[in-house]
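# Working through the structure, step by step
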Amino acid sequence: IVIRYVLGSEIYERLLSVFPSHSRTGQGLFDLLKYTLDHLCIDLKKCISDSTDGAGSCHGEYEGLQAKLTKYIDKHVHVWCHSHVLNLVMVDTTQCNNSSISFFQLLNAVAVFVKSSYKRMDSWIEAVEQEVGPFILKRLKLIGETRWAGKVNAAKSIYSGFETIDVTTFVDLVVCLFRISTSSKFARDPKVKHEAHSLLQHFI
């Protein structure tokens, strides 16, 4: 919970608290906010506006935190979080071009493929240990639907840092996919071998 307030001619912004939210409803968030402010002797009715992300529990028109605040406080104004809006714009931008869509779908598909099986994860760990030793753990990144950073991190984990072998995962990924597609350990999983081979073709 962060508050912004005016004192004299100066504008201040302060982090009040960090609490786990055990209720994901708008009412639960409202109760938590009011309890926190009451505990600090801050009158919630003096709140001019709020800013949250676009989650239903926050932005819901009828039952979200925004609606609860608007009902409780006269002339209350909800302001969209500009960082969140910019993030959504970036996400939408990557979904406007077929090449971009295919690229990020590939990054997510290969992460899902490797992570969804213990045998495949074993192949991944073997490839990583061969490159950098047993004490460095490198991970493939799954991509969320609403966070641009997820796409950035997924791309960076595979393609950036070629100057230092302990940062990039590209070599490990190619080795891992090649081993899965050719290893006798997957002889009884022709579908898995075929999928590994198909994914590998996109990276070599």
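Description of the structure in this document. (Residues numbered from 1 in each chain as written. Predicted model: local features only at pLDDT ≥ 70, side-chain atom pairs only at ≥ 80, totals over all residues. Heavy atoms only, no water.)

What follows deals with a nonpolar patch on the surface. A surface patch of nonpolar side chains, amounting to about 400 Å² of accessible area, comprises Trp80, Val85, Leu86, Val89 and Met90. Broken down by element, the residue count for the nonpolar patch peaks at four residues, all from helix H4 (residues 82–93). Within the secondary structure layout, valine 85 lies in helix H4. Owing to a relative accessible area of 33%, valine 85 belongs among the partly exposed residues under this scheme. (Patch = residues over 30% accessible without salt bridge, like charges linked within 9 Å, V, L, I, M, F, W, Y side chains within 5 Å. Areas by Shrake-Rupley, 256 points an atom, 1.4 Å probe, with all protein chains shown as cover. Salt bridge = Lys/Arg side-chain N within 4 Å of Asp/Glu carboxyl O. Helix = DSSP H or I, 4+ residues; strand = E, 2+ residues; numbered from the N terminus. Buried < 20%, exposed > 50% of the residue type's maximum accessible area, 1.4 Å probe, protein only.)

Position of histidine 76 relative to the elements: it lies in the loop between helix H3 (65–72) and strand S4 (77–80). At a separation of 3.3 Å, a polar atom in the side chain of histidine 76 contacts the side chain of aspartate 50. (Polar contact = N/O pair within 3.5 Å; in protein donor to acceptor, adjacent residues only side chain to side chain.)

This part covers the pairing of strand S2 (residues 10–15). In this structure, strand S1 (residues 2–7) lies alongside S2, joined through six bridges in antiparallel fashion. Opposite tyrosine 5, over in S2, you have tyrosine 12 as the bridge partner. Hairpin remark: S1 followed by S2, antiparallel, with two residues in the connecting loop; positive phi at glycine 8, about 70 degrees. (Pairing = 2+ DSSP bridges.)

In this section: the pairing of strand S3 (residues 49–52). Side-chain alternation along S3 places Asp50 and Thr52 on a buried face and Ser49 and Ser51 on a face that remains uncovered. In terms of strand pairing, S3 meets S4 through four bridges, oriented parallel. By the bridge assignment for S4, aspartate 50 is matched with histidine 78.

Keep in mind these numbers describe shape, not what the thing actually does.
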